[in-house]
Amino acid sequence: MSESFRMTDLRAIVAEITEEMAAAPDRGRPASYIPPLARVDVGQFGMAVVTADGDVFTGGAADEAFSVQSVSKVFALTMALGRVGDQLWDRVGREPSGSAFNSIVQLESERGIPRNPFINAGAIVVADVNLGRGRPRESVGELVRFIRSLADDDSIAVDAEVARSESETGFRNVALANYMKSFGNLRGPVEDVLALYFGQCAVAMSCRQLAMAGRYLMAGGVNPVGGHRVVSAARARRINALMLTCGHYDASGDFAFRVGLPGKSGVGGGILAVAPGRASIAVWSPGLNAQGNSQLGTLALERLAMRTGWSVFGRMNASPG
Ligand SMILES: NC(=O)CC[C@H](N)C(=O)O
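Quick caveat, the model's predicted, so the values are computed rather than measured.

Engineer: Talk me through the UniProt feature "binding site: substrate" (unreviewed entry) in the protein; I want residue IDs and the actual numbers.
Structural biologist: The sites that UniProt annotates as "binding site: substrate" (unreviewed entry) are S70, N120, E166, N173, Y197, Y249 and V267. Structurally, the position occupied by N173 is in helix α8 (residues 171-182). Of note is the side chain of N173, whose polar atom sits 2.9 Å from the side chain of N120. Tracing the sequence through the fold places Y197 in helix α9 (residues 190-201). If sequence neighbours within four positions are ignored, Y197 has contacts with K73, N120, A123, I124, A127 and N173.

Put into structure tokens, the structure is as follows:
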């Protein structure tokens, strides 16, 4: 399929969107329930697009590290599927929840089985799988090494202050974990599972690093540089499907409607989006909308999708190239 724009235009499109975002009046609010995130300046915006050919286009604060938070759930899920394969689906569902990322309500009627791996409850089960019989410190290290290898960047690390702050204030996550433990859906000690979960959420990455790390999802499971296979094509496709249907919690439908690409958000204001066969994209702006997804990040992706014609649902722009 031919592109509706020339690849040389991508640089201009990224620059244009970055400029528009700098002037955007409605920037949302940073997450206030994790104290170090509340202090981040909402004036910031960054964007990185890595194409299937390996070109990288960036705009704004694309090299500024931020707390990836729930975007880490994509990499944690990839690791957990590598460990236990389809057995994961005995313990976590694959349906959008239609409720907030930290909601507990469905867990009672659904007997401790979270709706999907991207709401907090589901990600805590995924953390339990990744912990195995190990210790949280080593398991966080394993995940960070995995992310480093995906991004080809050994400087990626955990922000210890964010991890500590979340373990001091993450009462809801403590409740979710204990509740699932009561149904027998956590094997490890609650404390250890949460230490891994908080550690993974506190990984700090820039847009450039995140877009690099997401390359395997746009390229059928293969890291396009060097051709290293990360997951099978079928698995990459399924992870993308989960990102599309569940990656933005109770705003997943709206994100699909506006952007039309698989995406995963985090309360740090980052979003990883995948244009299969075309690009891995990361945006960051710390101000969030009511559902806890980046306000400008979503808008920037909507404009990128519109101007490039990238969408898993077909083209949005009227003028064919
Ligand atoms: N949506 C998110 O990014 C939530 C992650 C955050 N660490 C939490 O558990 O609440």
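Still more to cover.
Engineer: Report on α8, specifying residues and quantitative values.
Structural biologist: The end-to-end C-alpha distance of α8 is 16 Å, a good match for the 16 Å that twelve residues give at a rise of 1.5 Å each. Residues of α8 that are buried include every one of N173, L176, A177 and M180, and no others. End-on view of α8: buried residues confined to an arc of 95°, all on one side of the axis. In α8, the exposed positions that point more than 90 degrees away from the buried face belong to F171 and S182. Check the buried side of α8 and you find it contacts α4 (105-109), α5 (120-131), α7 (160-169) and α9. Of the residues one or two after α8, G184 is the one with positive phi, at around 80°.

Engineer: Outline the site of the ligand, supporting the account with residue identities and numerical values.
Structural biologist: Close to the ligand lie Y33, Q69, S70, F101, N120, E166, N173, Y197, C201, Y249, G266 and V267, which account for all nearby residues. Between the ligand and S70, the relevant distance is 2.6 Å, taken from an oxygen atom to a side-chain nitrogen or oxygen of the residue. Within the side chain of Y197, a nitrogen or oxygen atom sits 2.7 Å from an oxygen atom of the ligand. A per-class count over the shell around the ligand returns six nonpolar, five polar and one charged. Of the domains in this structure, domain 1 (8-69 + 205-308) and domain 2 (70-203) are the two that each give at least three residues to the shell around the ligand.

Engineer: Let's hear about the sheet that holds strand β5 (residues 203-205): which residues, and what values?
Structural biologist: Strand order in the open sheet formed by three strands is β3-β5-β4, and the pairing between neighbours is antiparallel. On the outer flanks of this sheet lie β3 (66-67) and β4 (157-158), each paired with one strand and no other.

Engineer: So, the pairing of strand β10 (residues 279-284): which residues are in play, and what are the values?
Structural biologist: Strand residues, when the strand is regular, have side chains that alternate between the two faces of the sheet. Burial analysis of β10 places six of its six residues in the buried class, the great majority of the element. Residues A279, I281 and V283 of β10 are buried on one face, and the alternating residues S280, A282 and W284, pointing to the opposite face, are buried as well. As judged from the six bridges shared by strand β1 (residues 46-51) and β10, these two strands associate in the antiparallel manner. Within the sheet, the bridge partner assigned to V49 lies in β10 and is I281. Bridge count for strand β9 (residues 270-275) against β10 is six bridges, and the pairing is antiparallel. In the strand pairing of β10, I271 is matched with V283. Between β9 and the antiparallel strand that follows it, β10, lie three residues; G277 among them carries a positive phi value of about 80°.

Engineer: Hey, could you go over the pattern of salt bridges for me, with residue numbers and the actual values?
Structural biologist: Under the definition given, this model contains eleven salt bridges. With its nearest N and O atoms 2.9 Å apart, the salt bridge here joins R307 to E16. Here R307, found in helix α14 (residues 295-308), pairs with E16, found in helix α1 (residues 8-22); they are 291 residues apart in sequence, far enough to count as distant. Owing to a relative accessible area of 27%, R307 belongs among the partly exposed residues under this scheme. The partly exposed category is assigned to E16, whose relative accessible area is 38%. Across the pair D128 and R91 runs a salt bridge whose closest N-O atoms are separated by 2.6 Å.

Engineer: Just give me the short version of the pairing of β1, but keep the residues and values in it.
Structural biologist: Most of β1 is tucked away, with six of its six residues classed as buried. By the alternation rule, side chains of β1 split into G46, A48 and V50 and M47, V49 and T51, which are all buried. With five bridges connecting them, β1 and strand β2 (residues 56-60) associate as antiparallel partners. Of the residues in β2, the one forming a bridge with G46 is G60.

Here is what the cut-offs are and how they apply
Residues numbered from 1 in each chain as written. Predicted model: local features only at pLDDT ≥ 70, side-chain atom pairs only at ≥ 80, totals over all residues. Heavy atoms only, no water. UniProt positions renumbered as here; feature names shortened; annotations may be inferred. Helix = DSSP H or I, 4+ residues; strand = E, 2+ residues; numbered from the N terminus. Polar contact = N/O pair within 3.5 Å; in protein donor to acceptor, adjacent residues only side chain to side chain. Contact = heavy atoms within 4.5 Å. Expected span 1.5 Å × (residues − 1). Buried < 20%, exposed > 50% of the residue type's maximum accessible area, 1.4 Å probe, protein only. Arc of directions from axis to C-beta. Near = heavy atom within 4 Å. Nonpolar A, V, L, I, M, F, W, Y, C, P; charged D, E, K, R; others polar. Domains from an automatic or database assignment. Pairing = 2+ DSSP bridges. Salt bridge = Lys/Arg side-chain N within 4 Å of Asp/Glu carboxyl O.

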